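Residue-level structure breakdown
Okay, here's what each chain looks like letter by letter:
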Amino acid sequence: MIASILPTYARAPLTFTSGEGAWLTEADGRRFLDLGAGIAVNALGHAHPALVAALTEQAHALWHVSNLYNIPAQQTLADALVDRTFADTVFFTNSGTEACELAVKMARKYWYDKGQPDRTEIITFSGAFHGRSSAGIAAAGSEKMTKGFGPLLPGFTHLEFGDHAALNAAVSDTIAAILIEPIQGEGGIRQVPDQCLKGLRDLCDAQGILLIFDEVQCGMGRTGKLFAHEWAGVTPDIMMVAKGIGGGFPLGAVLATQDAASGMTAGTHGSTYGGNPLACAVGTKVMEIVADDAFLAQVNRTAGLLRQKLEGLVATYPDVFESVRGVGLMLGLKCKAVNTDVVKAGYAVGVLTVPAADNVIRLLPPLNITPADIDTAITLLAAAAHQVQGDNA
Ligand SMILES: *Cc1c(COP(=O)(O)O)cnc(C)c1O
């Protein structure tokens, strides 16, 4: 008989009942250091007092009103995002995949309104992840995500990650947009080099193509800048955000320039819950804390510390780990052992990591993780590696 929860997840036998900072407590009382942060969602850890206060204050005042009316918390958050980024305008969603839906719609509507209705094709790259909606899986294009779910939404050209010749050959006047994660998350913490992001921007400018960055995982301070593309000194026309922006409350967003968003007039898009008062009250507080230069400087210091210690860990366990990759606190350990074995060994010793493609385990700790917790992280990861090494001996 089918489980009462649709069995689309192979869940670990862990049930967390409370959390504080970078730590989670299991129903049996065991404590786990959370280096996954709900896959880069709990940007400020668990039960951050300022977020709890923002949520409860809003909960006592007003939970929900329709987007038919003004929502002050939504206005505040939109203004803060516009103030701090390339964007002129923001639409709020509940998730990353909904942000993908709008990014695709916005790019197509842009060309439709410019009198080029056949300019609908969107270029994406192997290893990408853009969510689980019909547009999201069609954008990623991998067999793993699309098999059995046809007919797929048409209009995506899938190129090999890093294949510049294929990219240049694919460019034509039917291409509406290029959609790319500056750092692939699910794909195994694969960074697009800064010079390649610059090259993409130049290519898009030369051809009039819209450039869409998916910063759902790498954005909101994760890399030590508010958004990852800031490291490369280029900006997109449209950007998808989610995960960390709500600090654990479901919230996503599409940010865009005035020009890119010009087709999205009243009635062309909407969402019942998107930008709901509760979500935006929390999102505003997250933004206030994370967009602060001193906070981001601290993220970079913490990231430097973690990375240095991880390099040491790789050197100590060369049979288990191969290398460290990533930027800021979006780090991956490329494994020599089977990555899921390392994740499972982590469960046994009390540390949570997240597997990714390319035999990588992801470390996406809360951005405010303390130096003491970083030390503990290394001790626990070493214990997990020791266990895997013993199992393989
Ligand atoms: C998680 C993720 C998504 C999808 O977000 P959901 O909130 O799960 O719909 C899209 N793009 C990237 C890069 C992601 O990491």
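Residues numbered from 1 in each chain as written. Predicted model: local features only at pLDDT ≥ 70, side-chain atom pairs only at ≥ 80, totals over all residues. Heavy atoms only, no water.

This brings us to helix α4 (residues 96-113). Relative to the 26 Å expected for 18 residues at 1.5 Å per residue, α4 spans 26 Å between its end C-alpha atoms, a close match to the ideal helical length. Just beyond α4, the residue with positive phi is G115, at close to 85 degrees. (Helix = DSSP H or I, 4+ residues; strand = E, 2+ residues; numbered from the N terminus. Expected span 1.5 Å × (residues − 1).)

Okay, the nonpolar core next. Among the nonpolar cores identified, the biggest contains 86 residues, and F92, I178, L255, L310, F321 and L333 are the most heavily contacted of them. Each of two domains, domain 1 (16-34 + 293-392) and domain 2 (49-290), supplies a minimum of three residues to this core. With near-sequence residues (within four places) excluded, L333 lies in contact with L310, L313, V314, F321, S323, V324, N359, V360, I361 and L363. Core analysis: the second largest hydrophobic core is formed by 26 residues, V104, M106, A107 and V254 among them. (Core = buried A, V, L, I, M, F, W, Y, C linked by side-chain atoms within 4.5 Å. Buried < 20%, exposed > 50% of the residue type's maximum accessible area, 1.4 Å probe, protein only. Domains from an automatic or database assignment. Contact = heavy atoms within 4.5 Å.)

With that out of the way, let us pick up the packing of aromatic side chains. Throughout the structure, instances matching the rule amount to two aromatic pairs. Taking the centre distance of 5.4 Å and the plane angle of 80 degrees together, the rings of F16 and F32 count as edge-to-face. Placement of the pair is F16 in strand β1 (residues 16-20) and F32 in strand β3 (residues 31-34), with a sequence separation of 16 residues. For F32, a relative accessible area of 1% translates into the label buried. Ring centres of Y110 and W111 lie 4.9 Å apart, and the angle between their planes is 90 degrees; this geometry places the pair in the edge-to-face category. Judged by relative accessible area, W111 falls into the buried class, the value being 6%. (Phe/Tyr/Trp six-rings, centres within 6.5 Å; stacked < 30°, edge-to-face > 60°.)

This structure, assessed with the given rule, holds 13 salt bridges. D293 is paired through a salt bridge with R84; the nearest N and O atoms lie 3.5 Å apart. Taken together, the residues span a long stretch of sequence, with D293 in helix α10 (residues 293-316) and R84 in helix α3 (residues 72-84) at a distance of 209 residues. In this structure, K285 and E288 form a salt bridge, with 3.0 Å as the shortest nitrogen-oxygen distance. One end of the pair, K285, and the other, E288, are both in helix α9 (residues 277-290), three residues apart, so they sit about a helical turn from each other. The class of E288 is exposed, set by a relative accessible area of 52%. One connected set of salt bridges, linked through shared partners, spans R201, D205 and D237. (Salt bridge = Lys/Arg side-chain N within 4 Å of Asp/Glu carboxyl O.)

Let's shift gears to the sheet that holds strand β15 (residues 351-352). Read across the sheet, four strands follow the order β1-β2-β3-β15 without closing on themselves; strand pairing throughout is mixed. Two strands bound the open sheet, and with one partner strand each, they are β1 and β15. Pairing analysis gives two bridges linking β3 to β15, with the strands arranged parallel. Looking at the pairing, D34 lines up with L352 of β15. This element, helix α12 (residues 371-392), spans β2 (23-26), β3 and β15 of the sheet and lies at about 105 degrees to β3. (Pairing = 2+ DSSP bridges. Axes fitted to C-alpha atoms, helices over the stretch in contact; angles between N-to-C directions.)

In this fold, T124 is placed in strand β5 (residues 121-125). Residue T124 is classed as buried on the basis of its relative accessible area of 0%. For T124, the side chain forms a polar contact with the main-chain oxygen of A139, separated by 2.7 Å. Setting aside chain neighbours within four positions, we find T124 in contact with A139, F156, T157, H158, L159 and L179. (Polar contact = N/O pair within 3.5 Å; in protein donor to acceptor, adjacent residues only side chain to side chain.)

This part takes up the site of the ligand. Inspection of the region around the ligand gives S95, G96, T97, F129, H130, G131, E181, D214, V216, Q217 and K243 as its neighbouring residues. At 2.7 Å from an oxygen atom of the ligand is found a side-chain nitrogen or oxygen belonging to Q217. Burial of the ligand by the protein chains amounts to 83% of its free accessible area of 380 Å². Among the residues forming the shell around the ligand, the class breakdown is two nonpolar, six polar and three charged. (Near = heavy atom within 4 Å. Areas by Shrake-Rupley, 256 points an atom, 1.4 Å probe, with all protein chains shown as cover. Nonpolar A, V, L, I, M, F, W, Y, C, P; charged D, E, K, R; others polar.)

Parsing the chain into structural domains produces domain 1 (16-34 + 293-392) and domain 2 (49-290). When each unit is reduced to the centre of its C-alpha atoms, the spacing between domain 1 and domain 2 is 28 Å. Listed per partner, the contact involves 21 residues of domain 1 and 22 residues of domain 2. It is L296, V327 and M330 in domain 1 that bury the most area against domain 2; as a group they hold 38% of the surface buried on that side. Run the count over domain 1 and domain 2 and you get two salt bridges. (Buried area = accessible area lost by both parts, 1.4 Å probe.)

What follows is about the sheet that holds strand β14 (residues 330-335). One open sheet holds the four strands; their spatial order is β13-β14-β17-β16, and the pairing between them is antiparallel. If you trace the sheet from one side to the other, it starts and ends with β13 (321-327) and β16 (354-356), each paired once. The sheet shows a mean angle of 30 degrees between the axes of neighbouring strands, direction not considered. Two strands pair when backbone bridges link them, and β16 and strand β17 (residues 360-363) are joined in this way by three bridges, in the antiparallel orientation. Looking across to β17, one finds that V354 is bridged to R362. Packing against the sheet, helix α11 (residues 339-349) makes contact with β13, β14, β16 and β17, and its axis sits at approximately 175 degrees to β16.

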